[in-house]
Amino acid sequence: MQPDIAADIAAGFAEAGERRIEWAARSMPVLQAVGAGFGADRPFDGLRIAACLHVTAETAVLLGALREGGAQIALAASNPLSTQDDVAAALRTYGIVVHARAGVDKATYYRHIHQALDIAPNVVLDDGCDLVNTLHTERVELLDGVIGGCEETTTGIIRLRQMASESALRFPMVAVNDTRTKRMFDNRYGTGQSTLDGIMRATNVLLAGRTVVVAGFGFCGRGVAERAKGLGARVIVTEIDPVKALDAALQGYDVRPMSLAAETGDVFVTVTGNRDVIRAEHLALMKDGAILANAGHFDVEIDVRALEEMAREVRFGIRPSTDEYVLEDGRRLLLLAEGRLVNLTAAEGHPAAVMDMSFSAQALAVAWLVRESVRMDPGVYDVPADIDAEVARLKLAAAGISIDALTGEQEEYLHSWRLGS
């Protein structure tokens, strides 16, 4: 391709990405306010940040806020299928180094992570712990320069806590995923809506009257179950945690093991953070036309290798983000998004209004980490409660919602044991 033509195409991509980012920013007033504060205070002057995140318009607004605070940023994608190429092009015009392209293979995915780490980061932002893992196993020469980082996902925090328990984690990491605003709004409402959005875009299936099997009843699973129920689906929940299973049962859901759910389900959604949730023995029981989708972080929850071995024919791309596996007995199972995150592959991920809270908490957590890191040992830390509350207050204010405040007498009552009943 001639250089001038290539430049024109790149420019067109960047312009489209800028429009997408501007659209997302309209629904992210809290993060924009945080960015404006960073612009005044410059808390990240001289700091280098390596990030492994979904390359989406909402992520672009987060990185823009950090850049306003003076950070130098290099970005890799945490999922090749979620990368929005136009957003990646726009970010490059904003002075952010981007190593990401939609649809790359696994080797290229990790090469991009290494390229992001080439910045020799002081702070890391991760979405699934692949960047932190690579740093600790293959780029150990960079560890001494890292003061800490943030992790955005349940799966990533599970990995980090395991590293910390084995004394393998070399710096403090903040568990952004564990904030109340993240779990309640991002995980529950964001995952619930965007997962069903992805399933419906990929298949055009009518969920009303169908049986939807939700594997996992954490905050993400609850969101998926609630949204499916709201659309008229019959919902079955599978769980390994007796407390969560009881919660699902008391909310009116049918709770059963996957071995029984597999026989009746029309749509299966895995939201556990663990591997092999749907295995060969489950696939063997499923009805013709069953739909398989994953909304957990990695592509290991559905045993895709077993599905491939069971199939006598695979029809790739029968619909966008939909592959049809024809089994020996003629049954057809539909795998969405290659078993990767269906909400970010077949759809656009969480609505920007939801990510406004998660990314605002992340941005403020980075600023807190930079201030406090000299007093922090390696380990996994919760986001301070006042940051979580501040994000919620700002979101309420942006929506024009006011709430009550405690009176002096109420404060005294809550903080004294002498008053009795």
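Draft legend 1. How the structure looks around the packing of helix 2 (residues 29-41) against helix 15 (residues 352-372). Look at helix 2 against helix 15: their axes get within 8 Å of each other, and the N-to-C directions meet at 20°. When the axis of helix 2 is compared with that of helix 15, the two are roughly parallel. Considering only the axes of helix 2 and helix 15, their crossing is left-handed. Between helix 2 and helix 15, the contacting residues are P29, V30, L31, V34 and F38 on the first element and D356, F359, S360, A363, L364 and A367 on the second.

Draft legend 2. Focus on the sheet that holds strand 10 (residues 267-270). Taken together, the eight strands give an open sheet; going across it, the order is 9-8-7-10-11-14-13-12, and neighbouring strands pair in mixed fashion. With one partner strand each, in any of the chains shown, strand 9 (254-255) and strand 12 (311-319) form the two edges of the open sheet. Of the strand pairs in this sheet, strand 11 (residues 291-294) and strand 14 (residues 332-336) are connected by two bridges, and their pairing is parallel. If you follow I291 over to strand 14, its bridge partner there is L334.

Draft legend 3. Inspection of helix 4 (residues 85-93) at higher detail. The complete set of buried residues in helix 4 reads D86, V87, A88, A89, A90 and L91. Once helix 4 finishes, G95 follows within two positions and takes phi at roughly 90°, a positive value.

Draft legend 4. Representation of the side chain of E301 in the model. By the secondary structure assignment, E301 is in the loop between strand 11 and helix 13 (304-310). R279 provides the closest opposite charge to the buried, unpaired E301, separated from it by 11 Å. Reaching out from E301, the side chain makes a polar contact with the side chain of T272 at a distance of 3.0 Å. With residues up to four places along the chain from it excluded, the contact list for E301 reads T270, V271, T272, G273, N274, R275, D276, V277, I278, N294 and G296.

The rules behind these values
- Residues numbered from 1 in each chain as written.
- Predicted model: local features only at pLDDT ≥ 70, side-chain atom pairs only at ≥ 80, totals over all residues.
- Heavy atoms only, no water.
- Axes fitted to C-alpha atoms, helices over the stretch in contact; angles between N-to-C directions.
- Helix = DSSP H or I, 4+ residues; strand = E, 2+ residues; numbered from the N terminus.
- Parallel < 35°, antiparallel > 145°, perpendicular 65-115°, else oblique.
- Left-handed = near helix turned anticlockwise from the far one by under 90°.
- Contact = heavy atoms within 4.5 Å.
- Pairing = 2+ DSSP bridges.
- Buried < 20%, exposed > 50% of the residue type's maximum accessible area, 1.4 Å probe, protein only.
- Lys, Arg positive; Asp, Glu negative; His and termini not counted.
- Salt bridge = Lys/Arg side-chain N within 4 Å of Asp/Glu carboxyl O.
- Polar contact = N/O pair within 3.5 Å; in protein donor to acceptor, adjacent residues only side chain to side chain.

Don't take any of this as a statement about function, it's just geometry.
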